[in-house]
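The chain contents come next:
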Amino acid sequence: MILDTIVAATRERVAVLKKVKPIEAVRQAALVRAEEERTASGGTFTFPFERALMEGSMNFICEIKKASPSKGVIVEEFPFVDIAKEYEEAGAAAISVLTEPAYFMGVDSYVTDVADVVTIPILRKDFIVDEYQIYESKVLGASAILLLCSVLDEEELARFMALATELGLSCLVEAHNEEEVKKALAVNARIIGINNRDLKDFSVDVGNSIRLRSLIPDGVIVVAESGIKSADEIEALREHQIHAALIGETLMRSEDKTKALTELFGPVRGLQVKICGLSRTEDITVVNNPAVRPTYAGFVFAESPRRVSVSDARNLISQMAPQIQAVGVFVNEDVETMAHLAETVPLQVIQLHGDETEDMIKQLRQLTTARIWKAVRVQSEDDVLRWNESVADLLLFDAYKTDAYGGTGHVFDWKLLKKCTKPFILAGGIHSKNVARAIRNVKPYAIDASSGLETDGVKNKEKIFHFMDIIKKVRN
Ligand SMILES: O=C(O)c1ccccc1NCC(=O)[C@H](O)[C@H](O)COP(=O)(O)O
């Protein structure tokens, strides 16, 4: 069987590697890296791979592989670093990188090269048969490893999982049949991958994930693997509470990864866009372009590097396409001034981005017909729930930072919004690399971006065009 051949080749490869670089040296390097990560995250590992697989209603692990034993060479052209960047922009939750050299044409350093250019976690996909490879995976920069129930016995699985956990690595424990699922459960796997491909004859049946899913209790993350090609298949996986889909060949063969993921996930309709912090005539020219044209353009009247004077705002807004609505951003301004500016600039929306109270919103409501948005800087779920009954027309959720009210470029934990029952605007560190995930996972009414569309403190035309291009592909 091909699996036995690959495993035998892997054992030989590891034996050679051990002679070149002894296990103790790799172990030390892995421990140093693990300790650095643990310290940086306040003394505990964050296990980003498993967190990423729980973010949305369907999370994609997008795979980078040049070849496979069943298909031979999948793509002649293999710009794997660009593919990784595309996957991240397309909305991948994580990237799987094949490193097995003989049958998948993988290279260990692909993991490091990909880790250097993306912020999402990486699964190092190889045939792990020895602790050596687990230390190596940590050093390469992976966040997770693959462990195969068809290759490892229960004792090995448990030992390898314990070592991985000690290093802050997650384990995707792969099973293909009932017996292997039971084995994965016996070792308390936190993530179980169900392979739809039978490695004995390479036949693929996506129904395999659905059938075996029922054996797995709640609380374990379930990943469907192999042969996934269509939106209908993704929908069926979603209906059966499968958290993630690992997709290789379909994506490797697609020309446009963002469009491909939209086809699989389904379009997100009706999303609005706000571009904030416009301060120059050039910015207005960019937003007026029909390829950009957001629903809302924000002008900051508060203390900020993006602050505009009243006369500049008036001048800029007078040049703006009539379809775009002007939003005035204020921090702790008095209600009379805001109402007056809404009337005279004019502003269609007043965005309160400071410590304004509900009473203040009610007073402002009496003074203006402009819509009122309340920005909430989120540190906890309570921050979100506290404003649920607000009379504000919309809430805008942004990141909290001590030294600035807004425009910080910081992303907050989107999971804190899970209990918000009303439409809202999502802000805080949104840019082209995370906007697809933000839209699909958080499902906001509108997305708001400012510093992520800038270079050296001013809006960047190319970044704005690219950002809007991604949003258009995600919408349809
Ligand atoms: O943008 C500012 O400089 C700003 C300053 C003070 C209060 C609010 C501010 N911006 C409000 C916004 O609506 C921003 O778009 C939002 O904070 C997101 O900014 P970013 O994280 O840079 O995308």
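Remember, predicted model here, so these are calculated numbers, not experimental data. (Residues numbered from 1 in each chain as written. Predicted model: local features only at pLDDT ≥ 70, side-chain atom pairs only at ≥ 80, totals over all residues. Heavy atoms only, no water.)

*Asks:* Would you mind showing me how to read empty space enclosed by the protein here?
*Replies:* Gaps left between atoms show up when a probe the size of a water molecule is rolled over them. Applying the stated rule across the entire model yields two cavities of 30 Å³ or more. In this model, the largest cavity occupies a volume close to 50 Å³. Lining the largest cavity are Met58, Asn59, Phe60, Gly91, Ala92, Ala93, Phe265, Arg437, Arg440 and Asn441. For the lining of the largest cavity, the secondary-structure elements that each account for two or more residues are strand E1 (59-64) and helix H19 (435-442). The dominant element in the lining of the largest cavity, judged by the number of residues it contributes, is H19, at three residues. Within the lining of the largest cavity, the residues separate by chemical class into five nonpolar, three polar and two charged. The residues that make up the lining of the largest cavity include at least three from each of domain 1 (2-261) and domain 2 (272-475). Each pocket or cavity is described by its volume, and for the second largest cavity that value is around 40 Å³. (1 Å grid on protein atoms, 1.4 Å probe; cavity = no way out; pocket = protein on both sides within 12 Å on 5 of 7 lines; lining within 4 Å. Points joined across faces, edges and corners; volume = space filled by probe spheres on them. Helix = DSSP H or I, 4+ residues; strand = E, 2+ residues; numbered from the N terminus. Nonpolar A, V, L, I, M, F, W, Y, C, P; charged D, E, K, R; others polar. Domains from an automatic or database assignment.)

*Asks:* Looking at this model, I keep getting lost on unusual backbone geometry. Mind explaining?
*Replies:* For residues besides glycine, phi is generally negative; the peptide bonds are generally trans as well. Cis rather than trans, the peptide bond between Val345 and Pro346 has omega equal to 0°. By the secondary structure assignment, Pro346 is in the loop between helix H16 (335-344) and strand E14 (349-352). The phi dihedral of Arg293 falls on the positive side, at around 20°, and the residue is not glycine. For Asn332, which is not glycine, the phi dihedral falls at a positive 50°.

*Asks:* Sorry if this is basic, but what is going on with the sheet that holds strand E13 (residues 325-330) here?
*Replies:* Hydrogen bonds between backbone groups are what pair the strands of a sheet, and the pairing can be parallel or antiparallel. One closed barrel holds the eight strands; their spatial order is E11-E12-E13-E14-E15-E16-E17-E18, and the pairing between them is parallel. Looking at each pair of strands side by side, their axes are set apart by 25° on average, direction ignored. Alignment of strand E17 (residues 424-426) against strand E18 (residues 446-449), held across two bridges, turns out to be parallel. For Leu426, the partnering residue across the bridge sits in E18 and is Ile447. With respect to the sheet, helix H20 (residues 461-475) is in contact with strand E11 (272-276) and E18, its orientation differing from that of E11 by roughly 165°. (Pairing = 2+ DSSP bridges. Axes fitted to C-alpha atoms, helices over the stretch in contact; angles between N-to-C directions. Contact = heavy atoms within 4.5 Å.)

Limitation: the analysis is restricted to geometry and does not speak to function.
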